[in-house]
Amino acid sequence: MPSLGVSESACDSCGRCLVACAAGRVVLAGALDSAWPGQALLRIDGPAPPPRIRLCRHCATAPCVDTCVGRALRRDQASDTVKLDPSRCVGCYSCVMECPFGALLPNPDGGRSARDVPIVKCDGCGQFAHPLCAAACPTGAIRAAADGRSASSRARRRRAGLLGRARRG
Amino acid sequence: MTSHLIIGLNVAGIAAMKAIREIEPGGRIVAVSAEAQLPYSRVLLPRYLGGKTTPESMLLEPAEFYEVRGTRVFWGRRVVSLDAAQRRAVLDDGETIDFDRALIAAGARPTVPRDLAGPGVTGLRTGEDAAFIRERVRGGARVAIAGGGPVGVKTACALAELGVRPALIVASGRILSQIADNEAAFLAQRCLEQRGVEVRLGADIVRAVRGPGGLEGLELGDGAALPCGLLVVCKGVTPNVAGLPPAVQGRSGVAVDDTMATRVPGLYAAGDVAEARDLLDGQPRVTAIFPGAAAQGRIAGKNMAGATAVFEGSIPRNALDLPGLPLISIGRVGAPLDARHAVRVTRTTGSYRKLVYRDGLLIGALLVGEVMDAGLLQACIRRNLAGLLAAGEPGQLMGEAG
């Protein structure tokens, strides 16, 4: 489960998550369905305490999905993540307006390539069980939800239910 | 098993359908859709007009979504009467549907002043409207757009990109008067004008001049004549309340509480027809925006299916993607000049940012050019407005942003 738990107060702005994510986009390009090579899909704003971790929480009920007029943002039940399909994105900025975590980031390549969308977001590291940012985080500010804590209590409950059933089975 | 009726199948109706299915898998859902084609994103109509999107990519859900066991959709039909006591709806072809709970998500239609309505005058709310406009434009008709709000501006922009050079007729002294201040409106207007839109501010349409060939032009308040063969009216929407029991009706739409329930047990409402609580002043009001419809529909669906969900209230907000100039407006963006309010303005080359505070709390944000912080700001505004409301100190209505 690649969903992420984020605790901004634990972040010391070391930036390892950014390096891991950006490097990951290069290494995993091709293996991921939405890779922007070399581009970190999260951002740390300011060392000002606490730093703001602009990273998708993959909300169970996601405001960005609710508002996406082109249905480019969708919750993918199989991977439990919120996915962006750039081919459907019309660049309306509605998701930018709705995300309380500021997790939609400007696409540095926006307007200059075939992926002519103004935004990028975390792709949850695709099928990989441990998101690279969480693996690289030394302070526990970003954790993989598999650690038992996630951003969304509903997703957590659902996972607990799934685990419970698995154990009984 | 509860029997659910969903009247109107667009953003709110679909969100309710999903919520009901999630809670009651296999539950019985009957939906009535006024349009015969698969529901699509109305917000994208200006883009469609400008040839920038296709009907397929406008679909809210694929066809399979509606073909689930337990779900039945009446396409191209309308509910003409809703009997709350009998829990029975009658369709325009006489068919009756019995239900336990019903969601009124019938949406709204463009408000077209009666003295303008007639040949050559349309709103932009359906694919049919868009097709009509395209056909007229192809025929070489000169186009005027009435209304300088987000829909009028987007429509003008889309037509300008087709090379049409439309006239945008705005009653107010600036475009986007409800969501922008003078400076932001100026930036947006310049963007429109650079693309070939002729903006007429402070202009009233007195009369539509019609001849044997249909619409020939408009007579404006200052006596000027504006020749045009097509007028697109983008002056807000009117909730579709025809056929609904009087008991559910509010000031203009359907009155709902925070669970999206109407005053009549078993009847719910969501989306552009619903008067839900506005966080700015705590009063019920139709806030016809896409994300609001999705949230309200989901909450109504959950409550209809027996779960408990509460709507946290609407914040007027809008994202506008003018070419090269995104604009986002959230909450109260015009502040009265008094001791309790303060504004902070930041300008850079190509961007303008205004934050509005009330007693030191952020209650509004207007971002032009650089908008990437909008979501963070909305979360803050939402928290503050809910807090003010809970403390019995609601903000006030915006009126025209100042």
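Keep in mind that this is a model prediction, so the values were computed, not measured. (Residues numbered from 1 in each chain as written. Chains lettered and ligands numbered in written order. Predicted model: local features only at pLDDT ≥ 70, side-chain atom pairs only at ≥ 80, totals over all residues. Heavy atoms only, no water.)

1. Considerations on the overall build of chain A
Put simply, the test is: Helix and strand definitions here come from DSSP, where helices need a minimum of 4 consecutive H or I residues and strands a minimum of 2 consecutive E residues; each element is numbered from the N-terminal end. For each residue, the accessible area found with a 1.4 Å probe, counting protein chains only, is set against the maximum for its type, and the residue is called buried under 20%, exposed over 50%, and partly exposed in between. Contacts are assigned to residue pairs that have any heavy atoms within 4.5 Å of one another. The Shrake-Rupley method, run with a 1.4 Å probe, gives the accessible areas here. Residue values count only the displayed protein chains as cover.
Along the backbone of chain A there are 5 helices and 8 strands. Residues counted as buried form 53% of the 169 residues belonging to chain A. The contacts of chain A with a sequence gap of at least 6 include a subset with a gap of at least 24, amounting to 63%. Only carbon and sulfur atoms are counted for the fraction: they give 55% of the accessible area of chain A, which is about 7500 Å².

2. Considering the overall build of chain B
Here is the rule: Each radius of gyration is computed over the set of C-alpha atoms, and the globule rule expresses the reference value as 2.2 Å times the number of residues to the power 0.38. Note that His is not counted, nor are the chain ends; the positive residues are Lys and Arg, and the negative ones are Asp and Glu. Note that the charge is assigned to NZ on lysines, CZ on arginines, CG on aspartates and CD on glutamates.
Looking only at helices and strands, chain B features 7 helices and 26 strands. On C-alpha atoms alone, chain B measures out to a radius of gyration of 22 Å, which is about the 21 Å that the 2.2 N^0.38 rule sets for 402 residues. Referenced to the eigenvectors of the C-alpha coordinate spread, the extents of chain B come out at roughly 60 × 60 × 35 Å. Relative to its full complement of 402 residues, chain B shows a buried share of 56%. A fraction of 62% describes how many contacts in chain B between residues 6 or more apart in sequence connect residues 24 or more apart. As displayed, chain B has an accessible area near 16300 Å², and 51% of this comes from carbon and sulfur atoms. The centroid of the 45 positive side-chain charges in chain B is displaced by 2 Å from the centroid of its 40 negative side-chain charges.

3. A short note on the sheet that holds strand 1 (residues 3-7) of chain B
Residues and elements named next belong to chain B. Our working rule: Two strands pair under a simple rule: DSSP has to find at least two bridges between them. Every axis corresponds to a line fitted to the C-alpha atoms, with the helix fit spanning only the stretch in contact, and the corresponding angles, defined between N-to-C directions, vary from 0 to 180 degrees.
As summarised here, the arrangement of the 5 strands in space is 3-2-1-7-19, forming an open sheet in which the pairing is parallel. Of all strands in the sheet, those with a lone pairing partner are strand 3 (71-75) and strand 19 (267-269), marking the two edges. Pairs of neighbouring strands in the sheet enclose a mean axial angle of 15°, with direction left out of account. For strand 1 and strand 7 (residues 101-104), the ladder comprises 4 bridges, and the chain directions are parallel. Among the inter-strand pairings, I6 is bridged to a residue of strand 7, identified as L103.

4. Digging into empty space enclosed by the protein
The rolling of a water-molecule-sized probe over the atoms marks out the regions of remaining empty space. All names here are of chain A. What counts is decided by this rule: A cavity here means a set of points on a 1 Å grid, drawn over the protein atoms and nothing else, where a 1.4 Å probe fits but cannot get out; a pocket is an open set with protein on both sides within 12 Å along at least five of seven lines, and a residue lines either one if it has an atom within 4 Å of a point. Grid points are joined across faces, edges and corners, and a volume is the space filled by probe spheres set on the points. Three residue categories are used. Nonpolar comprises Ala, Val, Leu, Ile, Met, Phe, Trp, Tyr, Cys and Pro, charged comprises Asp, Glu, Lys and Arg, and polar comprises the others, including Gly.
All chains considered together, the criterion is met by 4 cavities of 30 Å³ or more. Taken as a whole, the largest cavity spans an internal volume of roughly 120 Å³. Forming the boundary of the largest cavity are 16 residues, of which C89, G91, C92, C95 and I119 lie nearest the centre. Of the residues that constitute the lining of the largest cavity, the class distribution is 12 nonpolar, 3 polar and 1 charged.

5. What to know about the sheet that holds strand 12 (residues 198-200) of chain B
Residues and elements named next belong to chain B. Ordered in space as 9-16-10-11-12, the 5 strands form an open sheet in which the pairing is parallel. Two strands lie at the open edges of the sheet, namely strand 9 (121-122) and strand 12, each paired on one side alone. Where strand 10 (residues 143-146) meets strand 16 (residues 230-233), 4 bridges bridge the pair, whose relative direction is parallel. Considered in strand 16, the bridge of I145 is made with V232. Strands in contact with helix 3 (residues 127-138) are strand 9, strand 10 and strand 16; relative to strand 16, the strand with the most contacts, it is inclined by about 150°.

6. Structural notes on the packing of aromatic side chains
Residues and elements named next belong to chain B. Quick reminder of the rule: Ring pairs are drawn from Phe, Tyr and Trp, using the six-membered ring of Trp, whenever the two centres fall within 6.5 Å, and their geometry is named by plane angle: stacked under 30 degrees, edge-to-face over 60, tilted for the rest. Whether a charge lies above a ring is judged from NZ of Lys or CZ of Arg, which has to be within 6 Å of the ring centre and within 35 degrees of the ring normal.
Taken as a whole and assessed by the stated rule, the structure comprises 2 aromatic pairs over all chains. The interplanar angle of 85° and the centroid separation of 5.1 Å between the aromatic rings of F65 and Y66 together place this pair among those described as edge-to-face. Of the two residues, F65 and Y66, neither departs from the other in class, the shared state being buried. When the centroid spacing of 5.3 Å and the interplanar angle of 80° are considered together, the rings of Y66 and W75 count as edge-to-face. A connected cluster of aromatic rings, assembled from ring pairs, spans F65, Y66 and W75. Directly above the ring of F65 sits R21, whose terminal nitrogen or CZ lies 4.4 Å from the centroid. Stacked on the ring of Y48, the Lys or Arg R134 has its end atom at 4.7 Å from the ring centre.

7. Here we look at the side chain of T155 of chain B
Residues and elements named next belong to chain B. Under the convention used in this document: Pairs of N or O atoms are called polar contacts if they sit within 3.5 Å, as long as, within protein, a hydrogen donor faces a hydrogen acceptor (for residues adjacent in sequence, only side-chain-to-side-chain pairs).
Position of T155 among the secondary structure elements: in helix 4 (residues 150-161). Look at T155 and you get buried, because its relative accessible area is 0%. Separated by 2.7 Å, the side chain of T155 and the backbone oxygen of V151 make a polar contact. The residues contacting T155, other than those within four sequence positions of it, are P46, L49, L124, I145, V232 and C234.

8. Topic: the confidence of the model for chain A
Residues and elements named next belong to chain A. For the record, the criterion: Confidence scores per residue from the predictor, reported as pLDDT, run from 0 to 100.
With 72% of its residues at a pLDDT of at least 70, chain A reaches an overall mean of 78. The lowest-confidence element of chain A is helix 5 (residues 153-168), averaging 40 in pLDDT; the highest-confidence one is helix 3 (residues 94-98), averaging 97. Counting interchain partners and residues more than four positions distant, the pLDDT-below-50 stretch residues 147-169 has 28 contacts.

9. Some words on the interface of chain B and chain A
Accessible area lost during the coming together of the parts is what is often quoted as the interface size. This is how it is decided: Accessible surface is computed with a 1.4 Å probe, and the buried area is the amount of it that two parts give up when combined, taken over both parts together. Salt-bridge detection follows one rule: a side-chain nitrogen of Lys or Arg within 4 Å of a carboxyl oxygen of Asp or Glu.
The partner chain A presents 28 residues to the 33 residues of chain B that form the contact. Taking both partners together, chain B and chain A bury about 2300 Å²; carbon and sulfur atoms supply 56% of that area. Measuring nitrogen to oxygen at the nearest pair gives 3.6 Å for the salt bridge that ties R74 of chain A to E61 of chain B. Counting across the chain B and chain A interface gives 12 residue pairs in polar contact (both at pLDDT 80 or more). When residues of the side of chain B that touches chain A are traced back to their parent elements, those giving at least two are helix 6 (290-304), strand 22 (317-322), strand 23 (325-331) and helix 7 (374-390) of chain B. Of all the elements, helix 6 of chain B adds the most residues to the side of chain B that touches chain A, at 6 residues. Along the lines of polarity and charge, the residues of the side of chain B that touches chain A split into 18 nonpolar, 6 polar and 9 charged.

10. A word on unusual backbone geometry
Glycine aside, residues mostly have negative phi, and peptide bonds are mostly found in the trans state. All names here are of chain A. With a phi angle near 55°, R71 is a residue other than glycine that sits in the positive phi range. Along the chain, the position of R71 falls in the loop between helix 2 (63-67) and strand 4 (73-76). Since its relative accessible area comes to 8%, R71 is described here as buried. With a phi close to 70°, Y93 is a non-glycine residue in the positive phi region.

11. Details of the pattern of salt bridges
A full pass over the atoms with the stated rule returns 29 salt bridges over all chains. A salt bridge links R57 of chain A to E8 of chain A, with the nearest nitrogen and oxygen atoms 3.6 Å apart. Separated by 49 residues along the polypeptide, R57 of chain A in the loop between strand 3 (52-54) and helix 2 and E8 of chain A in the loop between strand 1 (4-6) and helix 1 (16-27) bring together distant segments of the chain. Taking relative accessible area as the criterion, E8 of chain A reaches 22% and is therefore assigned partly exposed. A salt bridge links D321 of chain B to R47 of chain B, with the nearest nitrogen and oxygen atoms 2.2 Å apart. Here D321 of chain B is found in strand 22, whereas its partner R47 of chain B is found in helix 2 (residues 45-49), with 274 residues between them in sequence. Counted as one network, the salt bridges with shared partners bring together R43, D45 and R54 of chain A together with R353 and D373 of chain B.

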